[in-house]
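In case you want the letters, here they are:
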Amino acid sequence: MPQENDQQNHPQKKEKHEARRDFLKQSSAMMALALTPPLVMKAAQHDEAIAGIFEKMPVSMEINGKKVQVTVEPRVTLLDLLREQLDLTGTKKGCDHGQCGACTVHVNGHRINSCLTLAVMQEGKKITTIEGLANGEQLHPVQEAFIKHDGFQCGYCTPGQIMSAVACIREGHAGSPEEIREFMSGNICRCGAYDNIVHAIMDVKQGGKTV
Amino acid sequence: MNQFSYVRPASLKAAIDAVAKDNTARFIAGGTNLLDLMKSGVVIPEKLVDINRLPLKDIQLNGNTLHIGALALNSELAAHELVTTHHPLLSQALLAGASQQLRNMATVGGNMMQRTRCTYFYDTTMPCNKRSPNSGCGAIGGINRMHAIFGSSESCIAVHPSDMCVALAALDATVLVSGPKGNRRIPFTDFHRLPGNTPQLDNNLAKGELITAVEIPANAYTKNVYYLKVRDRASYAFALVSVAAALDISNNVIRSARLAMGGVAHKPWRLYEAEKALAGKAPTEENFRDAANIALQSAKAYQHNRFKTGLSVNSIQTALLKAASV
């Protein structure tokens, strides 16, 4: 699993993260006490979850089939959690405003823009990123088709395109080139590989493989 | 993004309390517009109240009325059998908006609450009466190609960006809200406001009020409907103009019509006069043209959006022709 490997490969990095986390935990607890208005303290008694300003809160989710527990500030997007904290950098940050689709991941089976949702909102969710698509060394059929049909040039939008394409086929929105173009319109490719992307998706759809 | 605190209340009452008692708190559902605005520094809440776990996701028939929970996702709603069967216009409008990724996040209530995409509203270095009351309007003397041709004021010429809302306005929907003072129902066409001299107010919700559902009454607009969206690219762009057209045709006579436009006003813009003009007429190209011309009589264009008046006439006529020929 990517994050496991990563911790093994970068032990120093992990320590650094943890040291920073401990520092923030201590300082944020003090800040939270100082800044949290009485109302928030009171609300905490019956609210399902709460985090004060600067305070990190625990979030449990399943990422690429593996249970993950993290602590994050409320303002951290799912995209930034994946990239900055879990080193799952396959998911790209393009516009960071939901206009380009480079950050597309699946949450509970639905494709979404991970830049426009908060990590704290993902409690209990199942998340799949581009790293979770292949089965070991065996590429996912959509990944294979993108290579076969040259569905990219610079490759920056490709993880988002592939995650979106897999969902597009699963949703049943890949019935024709026109339908694919409409339902893939949330993924921008500035190199203009659209034709080949459509060919790749049609190929997988017509090939009848389970995606 | 600026720092904020986060709370996920376990009940509707706790959620309403959290926002009603705190001027700096905002509800968050899908977050697709709010987080975008927060990243741009246009909106800076100090607390987000996450309502996603509240039981407001149901889509069901109550008698003949379609009840849509405020947290129903735009993608779910567009594909729901009750919608495609009874209110296909709404399904078409939903699918014309945003991308599938955004529709998988955006809720019905959030779609209604989205802010204008006026570039002067988004650019915090520019004057904008909506973002910063009494700072002026950058669009009136600026680049106003995307802006309103109906119902604008000297304070604001921004347009409401939703497609879904245009269909809901045409279909005589009702908005259900809960607030500190209890529940109330607001006709959909009274939910959003015209700018007047208070463009900072997009809608008529009171402080702490939360949209809980939208209801659509049974109607005869199940077949002859069309949502036409005209934009700068074929998909995934906001409307220059859009038209929701619904006709009840019997024996080659229009018994009644519903027409609303998007991209032309501060709120979804119902074309009541054109609807009246169509009632009792035959569904012909000429009658559709006449109705479209009636609709545009009250239009007022600005320097860069004059094309919208002609485009609107053509779009209304085209939408009606498409609706009639289904």
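Residues numbered from 1 in each chain as written. Chains lettered and ligands numbered in written order. Predicted model: local features only at pLDDT ≥ 70, side-chain atom pairs only at ≥ 80, totals over all residues.

**Notes on the overall build of chain A**
To keep things clear, this is the line we draw: Elements are defined by DSSP. Helices are runs of H or I of four residues or more, strands are runs of E of two residues or more, and each kind is numbered from the N terminus. Neighbour density around each residue's C-beta defines its exposure: 20 or more other C-beta atoms within 10 Å make it buried, 12 or fewer make it exposed, and counts between make it partly exposed, where C-beta atoms are placed from the backbone. By the convention adopted here, residues are in contact when the distance between their C-beta atoms, placed from the backbone, does not exceed 7 Å.
Along its length, chain A carries 8 helices and 6 strands. Starting at the N terminus, the α and β elements of chain A follow one another as α-α-α-β-β-β-α-β-β-β-α-α-α-α. Taken across its 211 residues, chain A has 43% of its residues classed as buried. For chain A, contacts bridging at least 24 residues in sequence account for 57% of all contacts bridging at least 6.

**Overview of the interface of chain B and chain A**
So the rule is basically this: Ten residue types, Ala, Val, Leu, Ile, Met, Phe, Trp, Tyr, Cys and Pro, are classed as nonpolar, four, Asp, Glu, Lys and Arg, as charged, and the remainder, Gly among them, as polar. Pairing between strands requires that DSSP locate at least two bridges from one strand to the other.
Contacts between the two partners involve 30 residues from chain B and, on the opposite side, 33 residues from chain A. Ranked by residues supplied to the side of chain B that touches chain A, first place goes to strand 1 (residues 5–8) of chain B with 4 residues. Across the side of chain B that touches chain A, the residue classes break down as 13 nonpolar, 10 polar and 7 charged. In the sheet, strand 1 (residues 49–51) of chain A pairs with strand 1 of chain B via 3 bridges, with the strands oriented antiparallel. What sits directly across from A:Ile50, in strand 1 of chain B, is B:Val7.

**Some thoughts on the pairing of strand 2 (residues 57–63) of chain A**
All names here are of chain A. Both strand 2 and strand 3 (residues 66–72) contribute to a ladder of 7 bridges, which runs antiparallel. Among the inter-strand pairings, Glu62 is bridged to a residue of strand 3, identified as Lys67. Count of turn residues in the strand 2/strand 3 antiparallel hairpin: 2 residues, of which Asn64 carries a positive phi of about 50°. Sheet analysis places strand 2 next to strand 6 (residues 126–128), joined by 2 bridges and oriented parallel.

**As for the sheet that holds strand 4 (residues 59–62) of chain B**
Within a beta sheet, neighbouring strands are joined by backbone hydrogen bonds and run either parallel or antiparallel to one another. Residue and element names in this part refer to chain B. Which entries qualify depends on this criterion: Fitting a line to C-alpha atoms yields each axis, with helices limited to the stretch in contact; the angle taken between N-to-C directions then spans 0 to 180 degrees.
Strands sit in the order 4-5-8-6-7 across an open sheet of 5 strands; the sheet is antiparallel. Looking along the sheet, the strands with just one partner apiece sit at the ends: strand 4 and strand 7 (182–187). Within the sheet, the average angular offset between the axes of one strand and its neighbour, ignoring direction, is 25°.

**Structural notes on the nonpolar core**
For the record, the criterion: Remark: nonpolar core denotes a set of buried Ala, Val, Leu, Ile, Met, Phe, Trp, Tyr and Cys residues whose joining runs through C-beta atoms within 7 Å.
Core analysis: the largest hydrophobic core is formed by 161 residues, its most contacted members being B:Leu89, B:Ala167, B:Ala244 and B:Ala245. Beyond its immediate chain neighbours, meaning those up to four positions away, B:Leu89 contacts B:Ala167, B:Ala170, B:Leu171, B:Tyr221, B:Val225, B:Tyr227, B:Ala244 and B:Ala246.

**What to know about the pairing of strand 2 (residues 25–28) of chain B**
Residues and elements named next belong to chain B. To keep things clear, this is the line we draw: Think of it like this: strands point away, you trace from the first strand over the helix to the second, and a clockwise trace means the crossover is right-handed.
Alignment of strand 2 against strand 3 (residues 47–50), held across 4 bridges, turns out to be parallel. Across the sheet, Ala25 pairs through a bridge with Lys47, a residue of strand 3. Regarding topology, helix 2 (residues 34–39) serves as the crossover connection from strand 2 to the parallel strand 3, and that connection is right-handed.

**Details of the confidence of the model for chain A**
The condition that has to hold: Scored from 0 to 100, pLDDT reflects the predictor's confidence in each residue.
In the predicted model, chain A carries a mean pLDDT of 85, and 78% of its residues have values of at least 70. In this model residues 1–45 of chain A is a low-confidence stretch, pLDDT under 50, and it forms 33 contacts with partners more than four residues away in sequence or in other chains.

**Focus: the environment of A:Thr210**
Residues and elements named next belong to chain A. If you trace the backbone, Thr210 turns up in the segment after helix 8 (194–207). With 6 C-beta atoms packed within 10 Å, Thr210 lands in the exposed category. Taking the C-alpha atoms as reference points, Thr210 and Arg181, separated by 29 residues in sequence, lie 21 Å from one another.

**Observations regarding unusual backbone geometry**
Positive phi is not limited to glycine here, since A:Asn64 has a value of about 50°. Mapped onto the secondary structure, A:Asn64 falls in the loop between strand 2 and strand 3. Note on A:Asn64: 19 C-beta atoms within 10 Å, which makes it partly exposed. Here B:Asn252, not a glycine, exhibits a phi torsion of approximately 60°, which is positive. On the secondary structure map, B:Asn252 appears in the loop between strand 10 (241–250) and strand 11 (253–262). Judged by the 10 C-beta atoms lying within 10 Å of it, B:Asn252 is exposed.

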